[in-house]
Amino acid sequence: MLTLELEPELEMNLNNIARQEQRSVSDVIKQLINRYLIEKQESDLLVDFAKTLPKIACFENQDPLELQKAMRDEWN
């Protein structure tokens, strides 16, 4: 068992959420933790995927952002 000390405003918000959803505070906290873990895992997976993408040779000696800015400046 874990005991949490919350700021009064956060405690009030948590109690209000539980009351509105007709659930226990414990259930609301469990749901929030589970949602956080799922989002964290999805985020980590996206980062891992991005690391596996191949390098683009045309950007090897250039900053893609600087190239994009230069192209935009040409249009204006």
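Scroll up to find the structure.
Rules and cut-offs
Residues numbered from 1 in each chain as written. Predicted model: local features only at pLDDT ≥ 70, side-chain atom pairs only at ≥ 80, totals over all residues. Heavy atoms only, no water. Helix = DSSP H or I, 4+ residues; strand = E, 2+ residues; numbered from the N terminus. Rg over C-alpha atoms; globule rule 2.2 N^0.38 Å. Patch = residues over 30% accessible without salt bridge, like charges linked within 9 Å, V, L, I, M, F, W, Y side chains within 5 Å. Areas by Shrake-Rupley, 256 points an atom, 1.4 Å probe, with all protein chains shown as cover. Salt bridge = Lys/Arg side-chain N within 4 Å of Asp/Glu carboxyl O. Contact = heavy atoms within 4.5 Å. Axes fitted to C-alpha atoms, helices over the stretch in contact; angles between N-to-C directions. Parallel < 35°, antiparallel > 145°, perpendicular 65-115°, else oblique. Nonpolar A, V, L, I, M, F, W, Y, C, P; charged D, E, K, R; others polar.

Asks: Sorry if this is basic, but what is going on with the overall build of the protein chain here?
Replies: In terms of regular secondary structure, the protein chain is built from three helices and zero strands. Secondary structure elements in the protein chain, listed N-terminal to C-terminal, are α-α-α. What you see for the protein chain is a C-alpha radius of gyration of 23 Å, clearly larger than the 11 Å of a compact globule of 76 residues, by over 25%. The principal-axis extent of the C-alpha atoms belonging to the protein chain is close to 55 × 35 × 20 Å.

Asks: What should I look at first to understand a nonpolar patch on the surface in this one?
Replies: A cluster of nonpolar side chains, contributed by L2, L4, L6 and L10, occupies part of the molecular surface with about 390 Å² of accessible area. With respect to the helices, strands and loops of the structure, L10 is situated in helix α1 (residues 8-20).

Asks: Help me understand unusual backbone geometry in this model?
Replies: Apart from glycine, the bulk of residues carry a negative phi angle, and the bulk of peptide bonds sit in the trans form. One non-glycine residue with positive phi stands out, namely Q22, at about 55 degrees. Inspection of the secondary structure puts Q22 in the loop between α1 and α2 (25-52).

Asks: Hey, could you run me through the environment of Q31 in this one?
Replies: Structurally, the position occupied by Q31 is in helix α2. In contact with Q31, not counting residues within four places along its chain, are E21 and R23.

Asks: What exactly am I supposed to notice about the packing of α1 against α2 here?
Replies: Each pair of packed helices gets described by two things: the angle between the helix axes and the distance between those axes. Put simply, α1 and α2 touch, their axes get as near as 9 Å, and they point 100 degrees apart. Between α1 and α2, the angle is such that the two are roughly perpendicular. Seen from α1, the contacting residues are L14, N15, I17 and A18; seen from α2, they are V25, V28 and I29. Its residues assigned to classes, the contact of α1 with α2 comprises six nonpolar, one polar and no charged.

Asks: Is there a simple way to explain the pattern of salt bridges in this structure?
Replies: Inspection of the entire model under this criterion finds one salt bridge. A salt bridge links R23 to E21; the nearest nitrogen and oxygen atoms lie 2.8 Å apart.

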